[in-house]
Amino acid sequence: MSLADAARTPHTSTADALLTVRGLHKRFGDNEVLRGIDLTLHRGEVVVLIGPSGSGKTTVLRALNGLETPDAGTIVVAGGPDIDFAPETPVSKRTRAQKRLALRDRSAMVFQHHNLFPHLSVLENVIEGPWRVQGRPKAEVVAEAQVLLARVGLADKADARPHELSGGQQQRVGIVRALALRPDLLLFDEPTSALDPELVGEVLLVIKELADEGWSMVVVTHELSFAREAADHVLFMDAGVVVEEGAPGDIFGAPQHERTKRFLTRIM
Ligand code: ADP
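Keep in mind that this is a model prediction, so the values were computed, not measured.

So, the confidence of the model for the protein chain
Item 1. Model confidence for the protein chain is summarised by a mean pLDDT of 91, while 94% of its residues fall at 70 or above.
Item 2. When the criterion is pLDDT under 50, residues 1-11 qualifies, and its contacts beyond four places in sequence or with other chains add up to 18 contacts.
Item 3. Predicted complex, confidence summary: ipTM 0.98, pTM 0.92.

Dropping the structure here:
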């Protein structure tokens, strides 16, 4: 086995994995964006995806969250069925939609821009999913939302509108909104890249605390010091493939692949 092949070998067995992704492919027109992505995550682990812009990181997250339908590959979230994807045919449209929905239930995404509803209060934003979409009792959902808001230091902002909050506070609400869905898996898509630099730390701190508490998460980020501290496993993606993966100490300390070295030199 070559060094590059060794670096690409998934880190542990998939038998007891929370999330297993195999051979994920996705194309937009002529653009083959994902070209066979494999990823394994065990409960309580943090997997960080790094790589240049356009390498396919967001598309991986969107596929995991059921927002994008892959053309090929398999996604398995523990306890659920193996969800196999194939290119769309006239008869497969509904099946593909059902597969996306099955994934949507298991994970919750925190976006680069918080995507809060501007006309709803903070509390209403948080309870919208668990109450209206998941159909849980409102009183229970409100009580849980208040606990979660207090956890991220926003107990006194429950009745505020999003525009009355700082960018960092808005993003913390975005995180609470994801937690309120009680997902198995949290997905973060560059959660701090739209923030002013002085607000980045408070959001990363919340994510780090959630990781320490044992939440399972896949995080796309350019914050390498966060990745170094919080990740159990780092995947470096380029042009739709995982070029190299490993423990953060290995990827950042002794990258094997030229493309990884070039990327890290540019960004560090
Ligand atoms: P990254 O997150 O690594 O920056 P993305 O997953 O966002 O990469 O994008 C990978 C490639 O897929 C880019 O070339 C992007 O332009 C393209 N792409 C993403 N979403 C779409 C879409 N809905 N339609 C067409 N092209 C898309």
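Section: the site of the ligand
Item 1. Neighbouring the ligand are the residues Phe28, Asn31, Val33, Pro52, Ser53, Gly54, Ser55, Gly56, Lys57, Thr58 and Thr59.
Item 2. In this structure, an oxygen atom belonging to the ligand sits 2.7 Å away from a main-chain N or O atom of Gly54.
Item 3. Between Ser55 and the ligand, the recorded distance is 3.1 Å, taken from a backbone N or O atom to an oxygen atom.
Item 4. Across the complex, the protein chains shield 60% of the 560 Å² of accessible surface that the ligand would expose by itself.
Item 5. Elements with a contribution of two residues or more to the shell around the ligand: strand E2 (31-41) and helix H2 (57-64).

Things to note about the sheet that holds strand E4 (residues 72-77)
Item 1. With respect to topology, four strands assemble into an open sheet ordered E2-E1-E4-E5, the strand pairing being antiparallel. A single partner strand is all that each edge strand has here, and the edge strands are E2 and strand E5 (82-85). Taking the axes of each pair of neighbouring strands and ignoring which way they run, one obtains an average angle of 20 degrees across the sheet.
Item 2. Sheet analysis places strand E1 (residues 19-28) next to E4, joined by five bridges and oriented antiparallel.

What counts and how
Sequence order sets the numbering: in each chain, residues are counted from 1 along the sequence as written. Predicted model: local features are reported for residues with pLDDT of at least 70 only, side-chain atom pairs are reported and counted for 80 or more only, and whole-chain, interface and lining totals are derived from all residues. As a rule here, side-chain values cover all heavy atoms of the structure and leave hydrogens and water aside. Here pLDDT means the predictor's own confidence in every residue, given as a number from 0 to 100. Contacts: residue pairs with any heavy atoms within 4.5 Å of one another. Here a residue counts as near a molecule or strand whenever at least one of its heavy atoms sits within 4 Å of it. N or O atoms closer than or at 3.5 Å make up a polar contact, with two conditions inside protein: a donor-capable atom paired with an acceptor-capable one, and, for residues adjacent in sequence, both atoms drawn from side chains. Note on areas: Shrake-Rupley with a 1.4 Å probe; residue coverage comes only from the protein chains shown. Under the DSSP-based scheme used, a helix requires at least four consecutive residues in state H or I and a strand at least two consecutive residues in state E, with every element numbered from the N terminus. By definition, two strands form a pair when at least two bridges between them are found by DSSP. Interaxial angles span 0 to 180 degrees and are taken between N-to-C directions of axes, which are lines fitted to C-alpha atoms, for helices over the stretch in contact.

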